[in-house]
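A structural walkthrough
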Amino acid sequence: MPKIIFLPHAELCPQGAELEAAKGDTILDVALRNGISIEHACEKSCACTTCHVVVREGFYSLNESDELEDDMLDKAWGLEPESRLGCQAHIADEDLVIEIPKYTINMVSENH
């Protein structure tokens, strides 16, 4: 089973976390299942950027992003070449290291 290492984030996971994932899971689903409350204002429909993450290791093992995701990512705060939307990035066989950006463009937390 692949592992996802979430780097420490001051609000969402101050100690960081190492989580097991199943092939085909999204980064967002693994985080939410384990109490890491990454924003997802559009309910995982690829219509916002609140679940933006940066894949520090294992980026090329993920499914390729499509044009819709790329267009949404252009609006994300702190966009980097290894940025993905957590709701669209499906895990393969490699372990991942994920950084959750400090900010999103969402002005109000949805508290799902």
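It is worth spelling out the sheet that holds strand 1 (residues 3-6) at this point. Pairing between sheet strands relies on hydrogen bonds along the backbone, with the strands arranged either parallel or antiparallel. The strand order across the open sheet formed by five strands is 2-1-5-3-4, and the pairing between neighbours is mixed. Of all the strands in the sheet, just strand 2 (17-20) and strand 4 (83-85) have a single pairing partner and so form its edges. Pairwise comparison of adjacent strand axes, ignoring direction, gives a mean angle of 35 degrees for this sheet. The pairing of strand 3 (residues 52-57) with strand 5 (residues 96-99) spans three bridges and is classified as antiparallel. Pairing of Val54 across the sheet is with Glu99, part of strand 5.

The next point concerns the pattern of salt bridges. Working definition: two side chains of opposite charge can pair if their charged atoms are close together. Summed over the entire model, instances satisfying the criterion amount to seven salt bridges. Where Asp25 meets Arg33, a salt bridge forms, and the shortest distance between an N and an O atom there is 2.7 Å. Judged by relative accessible area, Asp25 falls into the buried class, the value being 16%. Linking Arg84 and Glu69 is a salt bridge whose minimum nitrogen-to-oxygen distance equals 2.8 Å. One end of the pair, Arg84, is in strand 4; the other, Glu69, is in helix 2 (residues 67-73), with 15 residues separating them in the sequence. Each member of the pair, Arg84 as well as Glu69, is classed as buried. Through salt bridges with shared partners, one network takes in Arg56, Glu80 and Glu99.

Under the criterion given, the structure shown has two aromatic pairs. With a centroid separation of 4.9 Å and an interplanar angle of 75 degrees, the aromatic rings of Trp77 and Tyr103 are classed as edge-to-face. Here Trp77, found in the loop between helix 2 and strand 4, pairs with Tyr103, found in the segment after strand 5; they are 26 residues apart in sequence, far enough to count as distant.

Conventions adopted
Here the residue numbers are simple positions, counted from 1 along each chain's written sequence. For this predicted model, a pLDDT threshold of at least 70 governs which residues receive local features, and a threshold of 80 or more governs which side-chain atom pairs are given and counted, while totals over whole chains, interfaces and linings are taken from all residues. The basis for the side-chain values is all heavy atoms of the structure; hydrogens and waters are excluded. The pairing criterion is simple: DSSP has to find at least two bridges between the two strands. Working definition: helices are DSSP H or I runs of at least four residues, strands are E runs of at least two. Numbering for both runs from the N terminus. To obtain an axis, a line is fitted to C-alpha atoms, over the contacting stretch when the element is a helix, and the angle between two such axes runs from 0 to 180 degrees between their N-to-C directions. What counts as a salt bridge is simple: a side-chain nitrogen of Lys or Arg found within 4 Å of a carboxyl oxygen of Asp or Glu. For each residue, the accessible area found with a 1.4 Å probe, counting protein chains only, is set against the maximum for its type, and the residue is called buried under 20%, exposed over 50%, and partly exposed in between. When the centres of two rings from Phe, Tyr and Trp lie within 6.5 Å, Trp using its six-membered ring, the rings pair. Their planes under 30 degrees apart give stacked, over 60 give edge-to-face, and anything left gives tilted.

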